[in-house]
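Letter by letter, the chains look like this.
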2 protein chains.
Amino acid sequence: MAKRRRVANLLALAVLTVAGQRPMHPYEMASVLRARGKDEDMPIKWGSLYTVVRNLEKHGLLEAVESGRQGGRPERTVYRVTDAGREEADDWTRELLSTPVREPSSFVAGLSVMGGLGPDEVMALLRERLEALERRLDAARRALEGERAQLPRLFLVESEYAIAMCEAEAGWVRGLLAELTEGTFPDLDGWRAYRRTGTVPPEVADLAERGRPAD
Amino acid sequence: MAKRRRVANLLALAVLTVAGQRPMHPYEMASVLRARGKDEDMPIKWGSLYTVVRNLEKHGLLEAVESGRQGGRPERTVYRVTDAGREEADDWTRELLSTPVREPSSFVAGLSVMGGLGPDEVMALLRERLEALERRLDAARRALEGERAQLPRLFLVESEYAIAMCEAEAGWVRGLLAELTEGTFPDLDGWRAYRRTGTVPPEVADLAERGRPAD
DNA sequence: ATACGAATGCTCGTCTGCGAGTATACGGGC
DNA sequence: GCCCGTATACTCGCAGACGAGCATTCGTAT
């Protein structure tokens, strides 16, 4: 827990993992990762690949093995994971699995500023989101069923999790939407008034001292 | 949907929102945002505050109103949101609410590389995570109940959502853990073998062509 | 044979994120 | 009246991230 990871980009973990199977040159890592769909499990930007690889090498987690050309192609450097690299990857994986981190999604951000829009507009937006979520769920479920035949369960777990979270979100949105539509959400008119006038009732302005518990 | 946001950092949205209530100088924005707990709804780094404010000004979303010193304090510049700024904030909010985005959490990343660890270690790690999640849920629920008395529902929605998602995750982890402990998860021994030998059965190596549906 | 589009494999420059540091002012204990 | 801790208010500089572009090669239709 002491020092931050020397190469913090998650792409680095992906690289260590994939190059752990056999030595590879960067472009091959990219292809394999893409083919395995890892780019959907991590926020991977391919523009960062060579920077990350170079950094991994600089910190001794990856080492160049061979550097030659084949055919007329530009020079390729093949990298191998070092022992330190393997250890780093394992340790990183352990941390990711064992330690939940607060990662506010952009939806939370949206919810937390939605007061600025009126409740009616918010309803419309949420309906839109709900439809999108359902389309996505549908596609994901279908894809998962297709892959079940091909791949061991171990490789499908991330997809199952993603689907579960997506379902949970959809359910929650449906609930909120129901409250809004049926008018059981408290003080919709106050909210509408706030939208028009921009004024918060003074006692609410004191929300400045919202207590927050220690983590 | 055409052009990317001129200032992409979510801190900018927070700034626009808070300065929309009344003109403020940067440090005051920070205090108010912190006091309202917005820093838990968005990935806010205070080091970026002044950069972000300057960028907002550069793009005409914020404008300097007054710039003087009081007491012996360093000079402060007070900013006001422009019409363009208000519009940008609303539009951004709409997008955040209506459009779900894939934001792979670090847990997904962990799941997608957990094959490298053995199943037994994974079980231990997941148990650890589950406990942490439950502690966090407990604290969050308690805090929410406390705030219910003070604040209108509108300001609590984000917390409710966060709790719901946390519950969903905990439930899913419990499920996976049960499968692992009871041995109903398929081919645990294959997994253990892979861990030791580092060899993947060749037919699985073809997972390289995992089909992915279009979004 | 040849032309053209797609795939391969990589580089570069910009932009900005953000951690760490700094400097002053105020309050309150002794 | 002095000192120290804490709050206030910012500045700086480096390290990455990553979009866009570039050069080469291969496949294939003509």
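Reading the values: the criteria
Residues numbered from 1 in each chain as written. Chains lettered and ligands numbered in written order. Predicted model: local features only at pLDDT ≥ 70, side-chain atom pairs only at ≥ 80, totals over all residues. Heavy atoms only, no water. Salt bridge = Lys/Arg side-chain N within 4 Å of Asp/Glu carboxyl O. Helix = DSSP H or I, 4+ residues; strand = E, 2+ residues; numbered from the N terminus. Buried < 20%, exposed > 50% of the residue type's maximum accessible area, 1.4 Å probe, protein only. Polar contact = N/O pair within 3.5 Å; in protein donor to acceptor, adjacent residues only side chain to side chain. Contact = heavy atoms within 4.5 Å. Least-squares fit on C-alpha atoms with pLDDT ≥ 70 in both. Buried area = accessible area lost by both parts, 1.4 Å probe. pLDDT = per-residue confidence, 0-100. Expected span 1.5 Å × (residues − 1). Phe/Tyr/Trp six-rings, centres within 6.5 Å; stacked < 30°, edge-to-face > 60°. Lys NZ or Arg CZ within 6 Å of the ring centre and 35° of its normal.

## Quick notes on the pattern of salt bridges
1) Next: Within this structure, the stated rule accounts for 34 salt bridges over all chains.
2) Next: Where B:Arg5 meets B:Glu95, a salt bridge forms, and the shortest distance between an N and an O atom there is 2.5 Å. Of this pair, B:Arg5 sits in the segment before α1 (10-19) while B:Glu95 is found in helix α4 (residues 83-98), placing the two residues 90 residues apart along the sequence.
3) Next: Residue B:Arg5 is classed as buried on the basis of its relative accessible area of 18%.
4) Next: With relative accessibility at 38%, the residue B:Glu95 sits in the partly exposed group.
5) Next: Taken together, the salt bridges that share partners define one network made up of A:Glu145, A:Arg148, A:Arg153, A:Glu160 and B:Glu179.

## Points about the side chain of B:Glu160
1) Next: Along the polypeptide, B:Glu160 turns up in helix α7 (residues 157-182).
2) Next: A residue is classified by how much of its surface remains accessible, and B:Glu160, at 13% relative accessible area, is buried.
3) Next: One polar contact links B:Glu160 to B:Arg148, side chain to side chain, over a distance of 3.2 Å.
4) Next: Ignoring any residue separated from it by four or fewer positions in sequence, one finds B:Glu160 in contact with A:Trp172, B:Leu144, B:Arg148 and B:Arg153.

## Some remarks on the relation of the copies chain B and chain A
The two chain copies are related to each other by a rotation about an axis together with a translation along it.
1) Next: If you rotate chain B by 180 degrees and push it 0.0 Å along the axis, it lands on chain A with an RMSD of 0.0 Å. Such a turn and shift between the copies fits a two-fold axis. When C-alpha distances to the rotation axis are compared across chain B, the minimum falls at B:Ala168, with a value of 3.1 Å.
2) Next: When the interface residues of chain B are mapped onto chain A, 96% of them again lie at the interface, so the same face is used by both copies.

## Section: the interface of chain B and chain A
Frequently, the measure chosen for interface size is the accessible area removed from exposure when the parts meet.
1) Next: Chain B puts 81 residues into the contact, and the matching count from chain A is 78 residues.
2) Next: Between chain B and chain A, roughly 7,900 Å² of surface is buried when both sides are summed, and carbon and sulfur atoms account for 64% of that area.
3) Next: Seen at the junction of chain B and chain A, the total is four salt bridges.
4) Next: Ionic pairing is found between A:Glu121 and B:Arg94, a salt bridge with its closest N-O pair at 2.2 Å.
5) Next: If you look at where chain B meets chain A, you find 22 residue pairs in polar contact (both at pLDDT 80 or more).
6) Next: Elements represented by at least two residues in the side of chain B that touches chain A include exactly α1, α2 (26-35), α4, α5 (106-113), α6 (119-150), α7 and α8 (188-197) of chain B.

## Describing the confidence of the model for chain A
Residue and element names in this part refer to chain A.
1) Next: In the predicted model, chain A carries a mean pLDDT of 88, and 86% of its residues have values of at least 70.
2) Next: When pLDDT is averaged over each element of chain A, helix α7 (residues 157-182) comes out on top at 98 and helix α9 (residues 202-205) at the bottom at 55.
3) Next: For residues 208-215, every residue scores under 50 in pLDDT, and the model assigns this stretch 20 contacts once sequence neighbours within four places are set aside.

## Observations concerning α7(B)
1) Next: With 26 residues, α7(B) extends 38 Å between its outermost C-alpha atoms, agreeing within 8% with the 38 Å of an ideal straight helix rising 1.5 Å per residue.
2) Next: Phi turns positive, to about 75 degrees, at B:Gly183, one or two residues after α7(B).

## Here's the deal with the packing of aromatic side chains
1) Next: Summed over all chains, the structure comprises eight aromatic pairs over all chains.
2) Next: Plain terms: the ring middles of A:Tyr161 and B:Trp172 are 4.9 Å apart, the flat faces sit at 70 degrees to each other, and that makes the pair edge-to-face. A residue pair is termed interchain when its members come from two chains, as with A:Tyr161 in helix α7 and B:Trp172 in helix α7.
3) Next: The exposure class of B:Trp172 is buried, given its relative accessible area of 14%.
4) Next: Ring geometry for B:Phe107 versus B:Trp172: centroids 6.3 Å apart, planes at 85 degrees, classification edge-to-face. Of this pair, B:Phe107 sits in helix α5 while B:Trp172 sits in helix α7; the two residues are 65 residues apart in sequence, bridging distant segments of the chain. Taken as a pair, B:Phe107 and B:Trp172 share a single burial class, namely buried.
5) Next: Here the aromatic cluster, defined as three or more aromatic residues joined through ring pairs, consists of A:Phe107, A:Trp172 and B:Tyr161.
6) Next: The cationic tip of A:Arg34 hangs over the ring face of A:Trp46; the distance from NZ or CZ to the ring centre is 4.8 Å.
7) Next: Note that A:Arg129 overlies the ring of A:Phe107, its terminal NZ or CZ placed 3.8 Å from the centroid.

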